[in-house]
Amino acid sequence: MKKIFFLGMTVLLAGCHSAVDTEQKVNRLYDSMSQEERIAQLQSMYMDDLLNENGQLDTAKCREKIPYGIGHFSQFAMQQPRDPNQLRDLVSAVQDWIINNTPNGIPALFHEEVLSGINTRGATIYPQQIGQACSFNIDLAALKTRQTSTDLRMMGGILALSPMVDVCRTPSFNRLEESYGEDAYLSAAMGVAFVRGLQQDDLKKGVGACSKHYLGYGGGGNADEKELLEEILLPHEAMIRVAGSKVVMPGYHAVAAGGKKENCVANSYILRDILRDYLAFDGMVVSDYTAIDQLPDIKDPVLKAAAAINAGNDVDFPVGANYKYLQEAIDKGLVKQETFECAVKNVLRHKCRAGLLDKNPYLYSKEKIEFDRPEERQTAYDIASQSVVLLENNGILPLKVNGKQLTRNILVTGPNANSMWAMCGDYTFPSMTYFWKMKTDDLEHPDIVTLLEGMKSHKPENVNIMYSRGCDWTEEIETKYMEDGDKRAWGYELLHRKVDSGEKADKDEALAMARQSDVIIAAVGENIMLCGENRDRKGLRLPGKQEQYVEALLATGKPVVLIVFGGRAQVISGIAERCAAVIQAWYPGEEGGNAIADILYGKVSPSGKLSVSYPKEEIYEPICYNYTAEKDNRIQWPFGYGLTYTTFDYQNLQIAKEASTSDKFVTCSFEIKNTGQIAADEVTQIYLSPTDKTQKIRPIQLQGFARVSLLPGESKTVTMKLYTEQFGYYTNDGHRQWNIAPGQYLIKVGASSGDIRLSQGITLKGDIVTKPLREYYFSEVQ
């Protein structure tokens, strides 16, 4: 049994099994610690800084750098391309040294990024989040993170700095790909599924989730209080209150909330008033990397440390550059001892919850670790095939002529036709290694299936696949220099470069092939240097001369199927209307090439629905489908939109005409039938609207969805519980509350926010019901 020393007595550390037990253990441990040990718990470092030139643990460096232990290790799995078993052995060596050579032997929290799989060599690369949101499949979202969690915990990872659940409403936002899109309800549902899979309902065997970038990153930071707390906060709130997420990361940005605009990491209004007091969050708050360094108008690291910890930020990532001065800040009276104590105990409490203070903590697995197992690749394929959105189709897809004979000669062309960069979003091993380490070789781990490879390997007999790149992403460097996000990327050399495809782009050759083809598959869009954290470009139309290239392909007179890859919606108005079909593929992960090929060939019917409003023109301000029930002429395809290879008929909406504001829920049901000839999934969507402009809810708001699989001619009944709290709204008349008001509402059932198939009114009667917080956030499909 693990020993600590407390007031001269030997104290046995048992496990943390209840809230009371946890607090007792945390208090006893805190009291036994020296001030140096306590400060160490609020800091982090890179594991590689403890290794020798042979990549082994250097105990002399340990004695020098972490004599009092350390709270955290930053991005431990991405620093060097290592085998997972080698990584596990290094974590084992570090944890063993800490346990046996520091005063209280408190294990460290090793963390990593897991947005679309573990950010390390060989781990499965799942589709990026913006695409996964288009699947509207919370079961697959949870399965993905459960697989990720199992692998990461075996390696020694205890915490993940994921997911990003920012409600991103600015189409141009360069990090939109990391989000679940513009809708708070969908983002919250997907975020809760992410947490449940990752944490596995037990922090002692799963991996802790981190809700980021709190609060209002990507277009919500300047929202008024009602929108901020009703919608922008919702994904964080639901992850905390429904799924038990215990870590929050403030964003780099400033929020004009509480009467003063301050950077989130030092913003007591959002970290104390909203997070701690309103939501009753009792977890750990960690800074984004270098966020404390970026506090404006403060040069002294002592003052920076004081500003962050006083506002409610507990931990300084990635290397504790400012929090190493905390003792000086305390000595100068800038930080109260009780503020410091609270931060340390928040860290210890999380370690207790994760089982790190137990008698036999699960710090890593001794079993052999195997990455990218068949079941993980299958999950990646399933998500990719459900996240691809078919935007236009004049009948060319699936690829058949006259409904019988498959197209024989297919040209696959474009900068993203034969590139892994079409598949990998930010925070994957290839992308992070290319960007941060500036390495260009040996990045394709695991195997990443390109579109061309998928088209060739999955093609039917007697089909001829031709390929010519035809066009590069850009001819010049288009990446803009930005002092935004992680400060470590504020370097000209890091940003002033473009991806080399390693292939010649011969436009004449490609156009000659195009004239010989029956159909052209044009793969266009962005890559890792044109979109992502710290990376952006001018404009939202296709980069470089890609649009001119598509025009040349259209001029051949052959049907063009346009496939757009990237981390955000790119403006393609003017060419989309003349293409035979248009597909938004996002960054579909390692199995993306196979998934898209199967959709093109008709082996799978597309079923993705847009998680954003797809702009017709370049828009640089927040937009959202729920701002108005009227059509926005700036939008080409609305939120929730997506075509399949069949048609669906919606009928027989059933819902009570009246209910009480005090009722827990109301039940609605409707029938849906596949009226076409192909088996397919339909994502049915439930929206709520007011009937009177004086009602204090959005003109239209997603309040439920169901993915329904139907064979040709098959019908199913969808039954859904809608909680009356979902009819409610936020107010603050001196105290914050959630209100369910009497009145008449419209329940709408649709194929998208702009394609409502059924609607019926319901009247809530009774007195207004008020609650401090919502208890029920999501409808339930029965």
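Residues numbered from 1 in each chain as written. Predicted model: local features only at pLDDT ≥ 70, side-chain atom pairs only at ≥ 80, totals over all residues. Heavy atoms only, no water.

1. With respect to the environment of C579
Alright, step 1. With respect to the helices and strands, C579 occurs in the loop between β18 (560-565) and β19 (581-586).
Alright, step 2. The spatial distance from the C-alpha of C579 to the C-alpha of L326 is 61 Å, given a sequence separation of 253 residues.
Alright, step 3. Those residues within four positions of C579 in sequence are excluded, and the remaining contacts are L554, V560 and L562. (Helix = DSSP H or I, 4+ residues; strand = E, 2+ residues; numbered from the N terminus. Contact = heavy atoms within 4.5 Å.)

2. Comments concerning the sheet that holds strand β15 (residues 409-413)
Alright, step 1. With respect to topology, six strands assemble into an open sheet ordered β12-β19-β18-β17-β15-β16, the strand pairing being mixed. In this open sheet, the two strands that pair with only one neighbour each are β12 (389-393) and β16 (464-468). Adjacent strand axes in the sheet meet at a mean angle of 20 degrees, parallel and antiparallel pairs treated alike.
Alright, step 2. Pairing of β15 with β16, which is carried by five bridges, proceeds in the parallel orientation. Counted as the bridge partner of I410 is I465 from β16.
Alright, step 3. Against the sheet, helix α18 (residues 507-516) touches β15, β16 and β17 (519-525), its axis set at about 155 degrees to β16. (Pairing = 2+ DSSP bridges. Axes fitted to C-alpha atoms, helices over the stretch in contact; angles between N-to-C directions.)

3. Quick notes on the pattern of salt bridges
Alright, step 1. In the structure shown here, the tally under the stated rule is 47 salt bridges.
Alright, step 2. Linking R774 and E237 is a salt bridge whose minimum nitrogen-to-oxygen distance equals 4.0 Å. Of the two residues, R774 sits in the loop between β32 (769-771) and β33 (780-781) while E237 sits in helix α9 (residues 234-241), which places them 537 residues apart along the sequence. One exposure class covers both R774 and E237, and it is buried.
Alright, step 3. A salt bridge links R634 to E621, with the nearest nitrogen and oxygen atoms 3.0 Å apart. Of the two residues, R634 sits in the loop between β20 (614-615) and β21 (635-637) while E621 sits in the loop between β20 and β21, which places them 13 residues apart along the sequence. (Salt bridge = Lys/Arg side-chain N within 4 Å of Asp/Glu carboxyl O. Buried < 20%, exposed > 50% of the residue type's maximum accessible area, 1.4 Å probe, protein only.)

4. Some details on the side chain of D21
Alright, step 1. Secondary-structure assignment places D21 in helix α1 (residues 19-32).
Alright, step 2. Look at D21 and you get buried, because its relative accessible area is 14%.
Alright, step 3. A distance of 2.5 Å separates the side chain of D21 from the side chain of K25, its partner in a polar contact. (Polar contact = N/O pair within 3.5 Å; in protein donor to acceptor, adjacent residues only side chain to side chain.)

5. Observations concerning the side chain of S74
Alright, step 1. When you line up the elements, S74 lands in the loop between β4 (72-73) and α4 (84-101).
Alright, step 2. Separated by 2.7 Å, the side chains of S74 and S44 make a polar contact.
Alright, step 3. The contact partners of S74, leaving out residues within four places of it in the chain, are S44, M45, Y46, Q79, H111, Y289, F317 and P318.

6. Some thoughts on α18
Alright, step 1. Listing the buried residues of α18 in full gives A510, L511, M513 and A514. Summarising the axial view, the buried residues of α18 lie within an arc of 160 degrees, below the 170-degree limit, and thus occupy one face. Every exposed residue of α18 that faces more than 90 degrees away from the buried side is listed here: D508, R515 and Q516. (Arc of directions from axis to C-beta.)

7. So, the confidence of the model for the chain
Alright, step 1. Mean pLDDT over the chain stands at 95; residues scoring 70 or higher make up 97%.
Alright, step 2. Low pLDDT, under 50, characterises residues 1-14; the predicted model gives this stretch 34 contacts beyond four residues in sequence or across chains. (pLDDT = per-residue confidence, 0-100.)

8. Description of the nonpolar core
Soluble globular proteins: nonpolar side chains tend toward being buried together.
Alright, step 1. Judged by nonpolar contacts, the single largest core of 223 residues is most densely connected at M455 and L600.
Alright, step 2. Among the elements that line this core, the one with the most residues is helix α7 (residues 184-199), at eleven residues.
Alright, step 3. Discounting residues that sit within four places of it in the chain, L600 has contacts with L397, P398, L399, L451, M455, I521, V561, I563, I583 and Y645.
Alright, step 4. In this structure, F648, I697, A751 and I762 belong to the second largest nonpolar core, which totals 30 residues. (Core = buried A, V, L, I, M, F, W, Y, C linked by side-chain atoms within 4.5 Å.)

9. As for the environment of L397
Alright, step 1. By secondary structure assignment, the location of L397 is in the loop between β12 and β13 (400-401).
Alright, step 2. Look at L397 and you get buried, because its relative accessible area is 4%.
Alright, step 3. Residues L397 and A580 lie 183 residues apart in sequence; the distance between their C-alpha atoms is 8.5 Å.

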